[in-house]
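# Architecture at a glance
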Amino acid sequence: MLPWRRLLRPLAVLTLTAAALVAPTGAAQAASAPSTGWNNWSCKPSAAHPRPVVLVHGTFGNSVDNWLGLAPYLVHRGYCVYSLDYGQLPGVPFFNGLGPVDKSAGQLDVFVDKVLASTGAAKTDIIGHSQGGMMPHYYLKFLGGAPKVNALIGLAPDNHGTTLNGLTQLLPYFPGAEDLISSATPGLADQIAGSPFLTKLNAGGDTVPGVKYTVIATKYDEVVTPYRSGFLDGPNVHNVVLQDLCFLDLSEHVAIGLTDRIAWHEALNALDPAHAEQTTCASVFD
C-alpha cells in the first residue's frame with residue numbers, strides 16, 4: 001500500500017470522529033432514542049397543513065440527530081413530520097448519507113410512498129439539510145417523485161456540489177485518491193463539484209415543473225463552497241441568504257439545520273406561503 005493510502009484511512013476515521021463531535025447528542029445515544037413528536041404514523045394532516053413534511057438529513061447525519069430542533073418546531077405548529085435514514089454503509093453505524101446518492105434517492109422514494117399511504121395525503125413537502133437538500137432532486141427528476149412533492153426546501157444544499165474551499169481540486173495530484181473515495185464513500189464522491197453524478201443531475205436544468213423550490217444558504221458555509229453553488233435557476237425558485245434576512249446571523253453549515261430558528265422560520269414560510277410572515281432577526285423568538 002502506498003504511504004498516502006496509509007494516511008487516508010486514519011483520516012477517514014478522524015472525519016467520522018469529527019462528525020460525532022458536532023452532533024447535538026452522542027450518535028450512539030441518538031440512534032437508539034425515539035424521535036419526540038415526529039414519525040407519528042397515526043398523524044393525520046389538518047386542513048390548515050394538509051401535506052406531511054419529510055425531513056432528509058445530511059452527510060454523516062441520521063434521522064434523529066439532524067432534527068432534534070426543527071422537527072419539534074414543525075410539530076408544535078401543527079404539521080405531521082417524518083424523517084428517514086438513508087445512504088447507510090455496511091459496518092458504519094450511526095453515520096448515514098455515505099452511500100451512492102442515486103441509491104439514497106431510491107430510499108427516499110420508498111419512504112415518501114409510506115408517508116403518503118399513512119397520512120392519506122396526495123403530496124408531501126420535503127425539507128433537507130446539505131446532501132438532504134440536494135439528493136431529492138434525483139428523486140424528482142429520475143424516479144417519478146415530482147407528482148408527489150409540492151415543495152423542496154434546502155438548508156445549505158450542495159445542489160451543484162462543493163469544492164471544500166478548493167481542497168477537492170487537489171485530488172488529481174494524489175493518484176488513486178479519487179478512486180479510493182469513490183469506492184469507500186461513494187456519497188462523498190458524488191458531491192464533489194463536477195462529479196459524474198452531479199453532471200447527470202443538473203443536465204437539462206435545475207428544476208422540474210410543478211415543484212416549488214426554496215434554497216436557504218449562509219455566507220459562512222464552510223462545507224458547501226462557494227455557498228451560492230447551492231442556488232437553483234428556474235421557475236418557482238426562491239434563493240435566499242440568511243444574512244440578507246438577518247445580518248447578525250452567524251450560522252455556518254451545521255448550525256443552519258440544527259439550531260437556526262431564522263432558517264426554520266423561512267422554511268415555514270415556504271411550507272405555507274399564504275400565511276408567510278417576514279423573516280427578520282426577531283424570528284429567532286418565534
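As a reminder, the structure under discussion sits directly above these lines.
Before going into details, it helps to say that this report is about the structure given with it. (Residues numbered from 1 in each chain as written. Predicted model: local features only at pLDDT ≥ 70, side-chain atom pairs only at ≥ 80, totals over all residues. Heavy atoms only, no water.)

## A few points about the nonpolar core
Residues Val54, Val56, Leu108, Ile126, Tyr139, Leu140 and Val211 are the most contacted members of the largest nonpolar core, which totals 35 residues. Contributions of two or more residues to this core are made by strand E1 (53-56), strand E2 (81-84), helix H4 (101-119), helix H6 (136-142), strand E4 (149-155), helix H9 (196-202) and strand E5 (212-217). Ignoring sequence-local partners within four residues, the contact set of Leu108 consists of Val54, Val56, Leu84, Ile126, Met135, Pro136 and Tyr139. Core analysis: the second largest hydrophobic core is formed by 27 residues, Leu70, Ile127, Ile153 and Leu271 among them. (Core = buried A, V, L, I, M, F, W, Y, C linked by side-chain atoms within 4.5 Å. Buried < 20%, exposed > 50% of the residue type's maximum accessible area, 1.4 Å probe, protein only. Helix = DSSP H or I, 4+ residues; strand = E, 2+ residues; numbered from the N terminus. Contact = heavy atoms within 4.5 Å.)

## Things to note about the state of the cysteines
All told, the structure shown has two disulfides when counted by the stated rule. There is a disulfide in this structure between Cys43 and Cys80, and the S-S distance comes to 1.9 Å. Because the torsion about its S-S bond is -80°, the bridge between Cys43 and Cys80 counts as left-handed. Note that Cys43 is positioned in the loop between helix H2 (27-32) and E1 and Cys80 in the loop between helix H3 (70-76) and E2, a separation of 37 residues in sequence. One disulfide bridge connects Cys246 with Cys281, the sulfur atoms lying 2.0 Å from each other. Here Cys246 and Cys281 share a disulfide; its torsion about the S-S bond, 105°, makes the bridge right-handed. (Disulfide = S-S within 2.5 Å.)

## Section: the packing of aromatic side chains
Evaluation of the coordinates by the stated rule reveals six aromatic pairs. Here Phe60 and Phe95 contribute two aromatic rings whose centre-to-centre distance is 6.5 Å and whose plane-to-plane angle is 80°, an arrangement assigned as edge-to-face. Here Phe60, found in the loop between E1 and H3, pairs with Phe95, found in the loop between E2 and H4; they are 35 residues apart in sequence, far enough to count as distant. Aromatic ring contacts, followed pair by pair, group Trp41, Tyr82 and Phe111 into a single cluster. In this arrangement the basic side chain of Arg77 is found over the ring face of Tyr73, its NZ or CZ atom lying 3.7 Å from the centre. For the cation-ring pair, Lys200 lies above Phe142, with the distance from its terminal atom to the ring centre recorded as 5.0 Å. (Phe/Tyr/Trp six-rings, centres within 6.5 Å; stacked < 30°, edge-to-face > 60°. Lys NZ or Arg CZ within 6 Å of the ring centre and 35° of its normal.)

## A closer look at the sheet that holds strand E6 (residues 237-241)
Pairing between sheet strands relies on hydrogen bonds along the backbone, with the strands arranged either parallel or antiparallel. The parallel open sheet is built from six strands, whose spatial order is E2-E1-E3-E4-E5-E6. If you trace the sheet from one side to the other, it starts and ends with E2 and E6, each paired once. Going from strand to strand, the sheet's axes swing by 15° on average, the running direction of each strand aside. The pairing of E5 with E6 spans five bridges and is classified as parallel. Following the sheet pairing, Tyr213 is matched in E6 by Val237. The strands touched by H4 within the sheet are E1, E2 and strand E3 (124-129), with E2 carrying the most contacts at an inclination of about 155°. (Pairing = 2+ DSSP bridges. Axes fitted to C-alpha atoms, helices over the stretch in contact; angles between N-to-C directions.)

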